[in-house]
Amino acid sequence: MNVENAQAQMRKGVLEYCILTILMNGEAYPSEIIEELKKAQLNILEGTLYPLLTRLKNANLLEYRWKESLLGPPRKYYSITNNGITFYHQLHDTWISLQQSVHIITNHSNKQSN
Amino acid sequence: MNNIINLNISGQSIPMDHSAYKIISEYINWIRIYFSQKVDEIEIIQDFESRIAELLYNKIKEGTDYVTSFHAQNVIDTIGSPEQIAADHGDTFQAYTSHDYSNYNNRNNHYKKLYKDESNKVISGVCSGIGNFYKIDPLIIRILFILMTLAWGTSILIYLILWIVLPSEKNNVIQSEKLIRSTHNKVLGGVASGIARYFNAEPVLIRLLFILPLLGTIFLNIINIFSDADRFFEAGIPISFLLYIFLWICIPKDTKVEKKNDINSNLQSNNNNNLNVRNATIHHSYSIPKDNYPAIERSNIFTTLLKIIAGFFLFIINFILLGLLCAAFAFILGIENIEQNKFPLIELILPQSDDKWLFWLSIITIIAIPLYYAIIGLIRLFSTKNLSLNNITHYILSILFVLGIFNIINMGKSIKDTISHTNSVNEEFILPFTKGKDIILTRDNLFNNDNNQLLYLINDSTYALKNITYEVKQGKDTTLKIIINKKSSGRNFEEAKIYANALQNSYSYDSTEQSITLPTFNIIKKGIPFRFQQTQITIETPSDARVLVKDIPLRYHNSNFHLFNYNVSLASGMKNSEVDSLGYLILNNSKR
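The structure presented is a predicted model; accordingly, all values stated were derived computationally and were not measured.

Things to note about the overall build of chain B
- Counting its regular elements, chain B contains 17 helices and 19 strands.
- By residue count, 42% of the 592 residues in chain B fall in the buried class.
- Contacts in chain B between residues at least 24 apart in sequence constitute 72% of all its contacts with a sequence separation of at least 6.
- Entry remark: accessible area of chain B is about 33100 Å², with carbon and sulfur atoms responsible for 59%.

Structure representation (structure tokens):
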């Protein structure tokens, strides 16, 4: 058990939620998704994002269409599906309640250690 | 000297030097093996390779001629190194050896099943499954199945068995190059170019294959060597023609797959002489869909020559069809004005006269529809205008054409039925004869028939046919007889007899002159259709009588049963003693 593993696990947990959130705002290329995450200090490798996006697509939470690009080959342009929107809302509720729970526990333990 | 390798990644050809090639190919191979253990392996690997290609392509566009190890490492750092990717997934990084690579390749081959691909099916996915298994475009498998149906329906049985036996899967990925018709490198329909593109061959060679039977036939005819080979080539001409048209119909166009950029041409044109360029692909056990760039278009003398040959044939076809069309219209519209030597009115041949319009409609359809396509083909061949039609129009025209052909064949059968039986009627008359006097035979000159016309329209639906045959027989006894035999065809014997009876022709006999005037024409009255009616008139003469014949083509049986044929022109070959000063042919002269 090392800390990098645990950190990766934590990140992995919220990653799906963050991606769905980004796509709730509109269609995006994978590179744009990475940009958004980077701005929020959530660095993720492209090599991690692509498998994840494919997995979400095969779970019917996302879909993509090919967009022709003058700069080279066509690229996948991802958007969220109706299933994905439902999923997002459920994750959102979970996130909110998790936040509250963790907030309570950390406050409680802070009080205790004070 | 630098070794430049054009590596094919995700359908793009990226030039790079040797060290970059090593780095990139190792990276891609690692990605493949690592993700081969996951679900959705193919799509993920596709995404990776596509992104690698995109980033490398951008490096080229930024101004470098080829990718170096610096660029390659940069790209890997952007996407993520193998160690980082493994870590992100919670795995420990594992470098792979060549042993692992070969295991990977073998495993992929060994465990690969044959299945039906339900995500890409036309009927049941059988052809898609087979295509995925062999890495061939399912379209090719479908075409082969259809062609094999010609071999006594073999493929139908095989297909049904496969449908039942193969397991189903939904793969969502076509693992082969797509077979399409080329839109911008085409001579006729882009069939040959499309096939060449699929097999990475020269379009010229494929075109050669299609016209090989024709060339072979011409060649063998020129050098005048005939063996069994010439039958092979001759048979091949319609086969290759029909095959081309069949493929033209089956293979679709797809401009998205066929892109217009070609970065290879840029590199080749900027190529320095100390760059040694070769092409490479990373060997793998299956092909990921390639969106190939089309081959660089070379305007060939050969291509132009092919265009001229094709145009020539199309032009001739157009000419013939146009002529037929005009003739058909002339028949329909100009029927009242028949003065020339034409066969009887169509309605008299057809079983029922109402069929007349259907008949002409079918004829016009059969001529006009190919004419239409031939004209469009000609226009397309020599101009850049893109005349395209709806698929629906094609379907409708093809169906009409086939209907027309069926109709004509059906009518042909019915017509055959109407003349399936023959019957005849005989009439005999004994004419008074004076011994010692000559018998004179002439014909009535109805219609002043100087130009040898065979058919006359007397009025609406009464017509005259000049098809009477004449015979003179030297009889054994002393009577002069005229025998009229009227013959006709019909649907059955009774009908044939009725039609035979309905023939009208009349002769006249002048007993003083002993001259028989024979009819020239058969008269067929209103309501009786044309059913190959004929009349044979036989004159039996006493054995010692002399017969003088004016202007009648006849057969003459003398008493020894020798047969002489006398043509009406009485031209060469006749001895002068057989024709007298008035132009009468003298028969049986020696007996005098």
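What to know about the confidence of the model for chain B
Residues and elements named next belong to chain B.
- Of all residues in chain B, 77% attain a pLDDT of 70 or more, and the chain-wide mean is 76.
- At the level of individual helices and strands, chain B shows its lowest average pLDDT in helix α12 (residues 263–269), which scores 41, and its highest in helix α3 (residues 69–79), which scores 91.
- Across residues 336–344 the pLDDT falls below 50, and counting only partners more than four positions away or on other chains, this stretch makes 11 contacts in the model.
- Two numbers describe this predicted complex: its pTM, 0.42, and its ipTM, 0.85.

Here we look at the environment of E41 of chain B
Residue and element names in this part refer to chain B.
- By the element assignment, E41 lies in helix α2 (residues 41–61).
- According to the relative accessible area criterion, E41 is buried, its value standing at 17%.
- Linking E41 and I31, residues 10 residues apart in sequence, is a C-alpha distance of 9.9 Å.

Side note on the environment of E49 of chain B
Residue and element names in this part refer to chain B.
- Secondary-structure assignment places E49 in helix α2.
- Residue E49 is classed as buried on the basis of its relative accessible area of 6%.
- Once the C-alpha coordinates of E49 and Q12 are considered, the two residues, 37 residues apart in sequence, prove to be 9.9 Å apart.

Brief notes about the layout of surface pockets
Residue and element names in this part refer to chain B.
- A volume near 2100 Å³ is recorded for the largest pocket.
- Around the largest pocket, the lining is made up of 49 residues, and of these F241, Y244, I245, W248 and Y373 lie nearest the centre.
- Mapped by element, the contributors of at least two residues to the lining of the largest pocket are α9 (191–199), α10 (203–223), α11 (228–250), α13 (301–333), α15 (355–382) and α16 (391–418).
- In terms of residue count, the dominant contributor to the lining of the largest pocket is α11 (10 residues).

Some details on the interface of chain B and chain A
- Contacts between the two partners involve 21 residues from chain B, matched on the other side by 22 residues from chain A.
- A per-residue breakdown of the area chain B buries against chain A is headed by E43, D47 and D88 of chain B, which together make up 27% of the total.
- Connecting chain B to chain A are 2 salt bridges.
- With a closest N to O distance of 2.6 Å, R51 of chain B and E46 of chain A form a salt bridge.
- Here chain B and chain A share 6 residue pairs in polar contact (both at pLDDT 80 or more) between them.
- Tallying contributions element by element places α2 of chain B first for the side of chain B that touches chain A, with 9 residues.

So, the packing of aromatic side chains
Residues and elements named next belong to chain B.
- Tallying each qualifying case throughout the model produces 18 aromatic pairs over all chains.
- With a centroid separation of 5.4 Å and 90° between ring planes, the pair formed by F145 and Y159 is classed as edge-to-face. Of the two residues, F145 sits in helix α7 (residues 138–148) while Y159 sits in helix α8 (residues 154–165), which places them 14 residues apart along the sequence.
- For the ring pair F530 and F532, a centre distance of 5.2 Å and an interplane angle of 55° mean the geometry is tilted.

Description of the pairing of strand β15 (residues 534–541) of chain B
Residue and element names in this part refer to chain B.
- β15 sits mainly inside the fold: 6 of its 8 residues count as buried.
- Of the pairings in the sheet, the one linking strand β10 (residues 468–474) to β15 comprises 7 bridges and is parallel in character. Its bridge partner lying in β15, V472 is registered against I539.

Structural notes on the sheet that holds strand β7 (residues 439–443) of chain B
All names here are of chain B.
- Spatial ordering of the open sheet is given by β12-β13-β7-β16-β19, a layout of 5 strands whose pairing is mixed. Looking along the sheet, the strands with just one partner apiece sit at the ends: β12 (508–510) and β19 (585–587). Geometrically, the sheet is characterised by an average inter-axis angle of 20° between neighbouring strands, direction not taken into account.
- Here 3 bridges tie β7 to strand β16 (residues 547–549), and the two strands are oriented parallel to one another. The partner of L441 across the bridge, within β16, is V549.

Describing the packing of α9 of chain B against α11 of chain B
Residues and elements named next belong to chain B.
- Closest axis-to-axis distance for the α9/α11 pair is 10 Å, and the angle between their directions is 75°. On the basis of their axis angle, the class for α9 and α11 is roughly perpendicular. Where α9 approaches α11, its residues V191, A192 and I195 are matched on the opposing element by Y244, L247 and W248.
- Residue composition of the contact of α9 with α11, grouped by class: 6 nonpolar, no polar and no charged.

Some points on the pattern of salt bridges
- Throughout the structure, instances matching the rule amount to 12 salt bridges over all chains.
- With its nearest N and O atoms 2.7 Å apart, the salt bridge here joins K76 of chain A to D47 of chain B. Taken together, the residues span two chains, with K76 of chain A in strand β2 (residues 72–80) and D47 of chain B in helix α2.
- By relative accessible area, which is 9% here, K76 of chain A ends up buried.
- Among the ionic pairs, E495 of chain B bridges to R491 of chain B, the shortest N-O distance being 3.3 Å.
- Taken together, the salt bridges that share partners define one network made up of E46 of chain A together with R51 and E54 of chain B.

Some remarks on a nonpolar patch on the surface
All names here are of chain B.
- Among the surface-exposed residues, V122, I123, I156, L157, L160, I161, W163, I164 and V165 lie close enough to one another that they form a single nonpolar patch of about 940 Å² accessible area.
- Inspection of the secondary structure assignment puts L157 in helix α8.
- L157 sits in the exposed class, given a relative accessible area of 57%.

Side note on α16 of chain B
- Taking 1.5 Å per residue as the helical rise, α16 of chain B with its 28 residues ought to reach 40 Å, and the 41 Å between its terminal C-alpha atoms agrees with that figure.
- Listed as buried for α16 of chain B are L397, G404, N407, M411 and T418 of chain B.

What about α8 of chain B?
Residues and elements named next belong to chain B.
- The end-to-end C-alpha separation of α8 is 17 Å, in line with the 16 Å expected for 12 residues at 1.5 Å each.
- Within the span of α8, buried status applies to S155, Y159 and L162. Around the axis of α8, the buried residues are gathered within 65° of arc, so they sit on the same side. For α8, the exposed residues lying more than 90 degrees away from the buried face are L157, I164 and V165.
- Here the buried face of α8 lies against α6 (126–134) and α7.

Here's the deal with empty space enclosed by the protein
All names here are of chain A.
- What the rule picks out here adds up to 4 cavities of 30 Å³ or more.
- A volume near 100 Å³ is recorded for the largest cavity.
- In terms of residue count, the dominant contributor to the lining of the largest cavity is helix α1 (residues 3–24) (4 residues).
- Its residues assigned to classes, the lining of the largest cavity shows 4 nonpolar, 2 polar and 3 charged.

Reading guide: rules and limits
Residues numbered from 1 in each chain as written. Chains lettered and ligands numbered in written order. Predicted model: local features only at pLDDT ≥ 70, side-chain atom pairs only at ≥ 80, totals over all residues. Heavy atoms only, no water. Helix = DSSP H or I, 4+ residues; strand = E, 2+ residues; numbered from the N terminus. Buried < 20%, exposed > 50% of the residue type's maximum accessible area, 1.4 Å probe, protein only. Contact = heavy atoms within 4.5 Å. Areas by Shrake-Rupley, 256 points an atom, 1.4 Å probe, with all protein chains shown as cover. pLDDT = per-residue confidence, 0-100. 1 Å grid on protein atoms, 1.4 Å probe; cavity = no way out; pocket = protein on both sides within 12 Å on 5 of 7 lines; lining within 4 Å. Points joined across faces, edges and corners; volume = space filled by probe spheres on them. Buried area = accessible area lost by both parts, 1.4 Å probe. Salt bridge = Lys/Arg side-chain N within 4 Å of Asp/Glu carboxyl O. Polar contact = N/O pair within 3.5 Å; in protein donor to acceptor, adjacent residues only side chain to side chain. Phe/Tyr/Trp six-rings, centres within 6.5 Å; stacked < 30°, edge-to-face > 60°. Pairing = 2+ DSSP bridges. Axes fitted to C-alpha atoms, helices over the stretch in contact; angles between N-to-C directions. Parallel < 35°, antiparallel > 145°, perpendicular 65-115°, else oblique. Nonpolar A, V, L, I, M, F, W, Y, C, P; charged D, E, K, R; others polar. Patch = residues over 30% accessible without salt bridge, like charges linked within 9 Å, V, L, I, M, F, W, Y side chains within 5 Å. Expected span 1.5 Å × (residues − 1). Arc of directions from axis to C-beta.

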